[in-house]
Amino acid sequence: MKKADIAVVGMAVMGENLAMNMEEKGFRVTVFDVRDGVVNAFMDGNGKGRNFTGAYSWKELVESLERPRRIMLMIRAGSPVDEVIDTLLPLLEEGDILIDGGNSFYQDTQRRYRALKEKGIRFIGTGVSGGEEGARKGPSLMPGGDPEAWPYVKPVFTKICAQTDGEPCCDWVGEGGAGHFVKMVHNGIEYGDMELICEVYSLMKNCLHMEDEEIGKIFGEWNRGVLDSYLVEITADILQYRDEDGEPLVEKILDSAGQKGTGKWASQAALDEGVPLTLISEAVYARYISAMKKERTEASRRLAGPSPAAGCSREEMLPALHDALYAAKICSYAQGFSLLRAAAAGYGWELSYGSIALMWRGGCIIRSVFLGKIKEAFDRDNSLTNLLLDPYFCDAFQGAQAGLRKVCARAVEAGIPIPALSAAVAYYDSYRSERLPANLLQAQRDYFGAHTYERVDDPSGRHYHTNWTGTGGDTESSIYTA
Ligand code: 6PG
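Rules and cut-offs
- Residues numbered from 1 in each chain as written.
- Predicted model: local features only at pLDDT ≥ 70, side-chain atom pairs only at ≥ 80, totals over all residues.
- Heavy atoms only, no water.
- Helix = DSSP H or I, 4+ residues; strand = E, 2+ residues; numbered from the N terminus.
- Rg over C-alpha atoms; globule rule 2.2 N^0.38 Å.
- Contact = heavy atoms within 4.5 Å.
- Areas by Shrake-Rupley, 256 points an atom, 1.4 Å probe, with all protein chains shown as cover.
- Lys, Arg positive; Asp, Glu negative; His and termini not counted.
- Charge placed at Lys NZ, Arg CZ, Asp CG, Glu CD.
- Buried < 20%, exposed > 50% of the residue type's maximum accessible area, 1.4 Å probe, protein only.
- Near = heavy atom within 4 Å.
- Polar contact = N/O pair within 3.5 Å; in protein donor to acceptor, adjacent residues only side chain to side chain.
- Nonpolar A, V, L, I, M, F, W, Y, C, P; charged D, E, K, R; others polar.
- Salt bridge = Lys/Arg side-chain N within 4 Å of Asp/Glu carboxyl O.
- Disulfide = S-S within 2.5 Å.
- Right-handed = clockwise from strand over helix to strand, strands pointing away.
- Pairing = 2+ DSSP bridges.

Draft legend 1. Geometry of the overall build of the protein. When helices and strands are counted, the protein shows 19 helices and ten strands. Taking 2.2 N^0.38 as the reference for a compact globule, 482 residues should give roughly 23 Å; the C-alpha atoms of the protein span a radius of gyration of 25 Å, in line with that estimate. Expressed as lengths along the three principal axes of its C-alpha atoms, the size of the protein is roughly 85 × 65 × 45 Å. Long-range contacts, defined as pairs at least 24 residues apart, comprise 67% of the intrachain contacts of the protein with a sequence gap of at least 6. Surface exposure of the protein reaches about 22800 Å², of which carbon and sulfur atoms provide 52%. If you average the places of the 52 positive and of the 68 negative side-chain charges in the protein, the two averages end up 3 Å apart.

Draft legend 2. Highlighting the environment of Val 185. Its place among the elements puts Val 185 in helix H8 (residues 178–206). With a relative accessible area of 1%, Val 185 lands in the buried category. In sequence terms Val 185 and Gly 45 are 140 residues apart; their C-alpha atoms lie 36 Å from each other. Not counting chain neighbours up to four residues away, the residues in contact with Val 185 comprise Gly 336, Leu 339, Leu 340 and Trp 360.

Draft legend 3. A look at the site of the ligand. Neighbouring residues of the ligand: 13 residues in total, closest Ser 129, Lys 183, Glu 190, Tyr 191 and Arg 287. With respect to the ligand, the side chain of Glu 190 contributes an N or O atom lying 2.6 Å from an oxygen atom. Within the complex, the protein chains bury 79% of what would otherwise be the 420 Å² of accessible surface of the ligand. By residue number, the principal contributor to the shell around the ligand is H8, which donates five residues. Across the shell around the ligand, the residue classes tally to two nonpolar, seven polar and four charged.

Draft legend 4. How the structure looks around the side chain of Arg 70. Relative to the helices and strands, Arg 70 is located in strand S4 (residues 70–73). Although buried, Arg 70 forms no salt bridge, and the nearest oppositely charged side chain, Asp 5, lies 4.2 Å from it. A distance of 2.6 Å separates a polar side-chain atom of Arg 70 from the backbone oxygen of Tyr 152. Ignoring sequence-local partners within four residues, the contact set of Arg 70 consists of Asp 5, Ile 6, Ala 7, Leu 65, Ile 97, Tyr 152 and Val 156.

Draft legend 5. Region of interest: the state of the cysteines. Taken as a whole and assessed by the stated rule, the structure comprises zero disulfides. Lacking any disulfide linkage, Cys 198 is separated from the closest cysteine sulfur, that of Cys 408, by 16 Å. The structure places no disulfide on Cys 331, whose sulfur is separated from the nearest cysteine sulfur, that of Cys 408, by 10 Å.

Draft legend 6. Spotlight on the side chain of Ser 290. Here Ser 290 shows up in helix H12 (residues 278–291). Of the residues examined, Ser 290 reaches a relative accessible area of 15% and is grouped as buried. If we skip the residues at most four places from it in the chain, Ser 290 touches Asp 255, Ser 256, Ala 257 and Arg 296.

Draft legend 7. Representation of the pairing of strand S2 (residues 29–32). Along S2, one buried face is formed by Val 29 and Val 31 and the opposite face, lined by Thr 30 and Phe 32, is buried too. Taken together, strand S1 (residues 6–9), helix H1 (residues 13–24) and S2 form a β-α-β motif whose crossover is right-handed. In this sheet, strand S3 (residues 52–54) lies alongside S2 in parallel orientation, the contact comprising three bridges. Paired with Thr 30 across the bridge in S3 is Thr 53. Between S2 and its parallel partner S3, the chain crosses via helix H2 (residues 38–44), and the hand of that crossover is right-handed.

Spelled out as structure tokens, the structure:
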């Protein structure tokens, strides 16, 4: 029998759909799953009469493949990936290629890449975004790892991925864990976008007292302009979806958010890199506080706030909400790309920000028209330090910031939580401030701990210490960052 081009290990929803996508694009695919009966069920079901090889053992899987073997793992991130690698290693030969398509932590990918390289196995850690439909019809793919493996994987990936304006939403990201780092930032941005949409929905409900169906229609309209995106589109659908009793289903869903951890990793990476990723971090915290349902219910009975908003006019607030969402989104992406830039410098990755924007432009969960504009911004200048400084986005924010400020002020007055929207204003105003009150902060540090400060009238960078009380010593603390 003719050998297969590639194998997919793990036939859960993403693996199965990706395998079917590959086969449909002309590749012969071996499928394997450790769970009893899964391969059989697939071969007798969706795989029947198609160009698939069912493997029933690791040995069969390996023997079914053309060399160098290409094996894509679509399994749960974490220790299962290490376990599968350990199982496969004795069966593989030098030059074979392992691809991890799960949401793995980028540092695990770095570690696996290094360990496998020593053993002659070429490892790729790739972001795969787009959910079930994306996997089947064309996901966004963000591969990184061993550059030697890329020429063998490229023909498959660029064929199965989403295409936007005739270009594949997939490109080589960089060495080691770069692909999974980019996917992690994608997911952080996904958290931010979702939280912003939720805050706007909450304001429409609680400030403007709108019905879900009306809100859904507004999101539907917004989806035809600068906010055109998958997440706005599905929000319009969700809000207009009715349960069997004719009531909006969304209102029957418990307000306690889950998460698998990628948003948290993005915030942790931002703390490590010293990058203010405030909006995404607020979105992560918003999920945490939502999950404290019991405690919040108790607190809601004891902690008073302003009485519900009155006197908000839709004519005034709806355009402001539109602009607030747009302006905040610009800040969020500016922060996300700043994190990519910092990580690239630290890990020695040569990231092409325009091609990352293109990878996210189609196929993935954050796909949007907006990402096309981001691509244009980085195509103009790949060394752009902050998206807010690009002329297009500078003007766009300028046009939308009044709406953002109005919405934030109104929400604070009305006692409606807007952690992500307000993080956007705080970030914008901090970033554009030539002088921040950190002078006082430095004085406080020096006062209580002799941590020293620099002076505005001495550009040499010399550190000074003042004996603020006259009773402290003159010994300075050393300068270091833990
Ligand atoms: C994607 C998504 C996906 C993610 C889910 C769940 O790009 O297709 O980001 O990879 O796992 O959206 O994420 P949370 O459970 O953390 O919300």
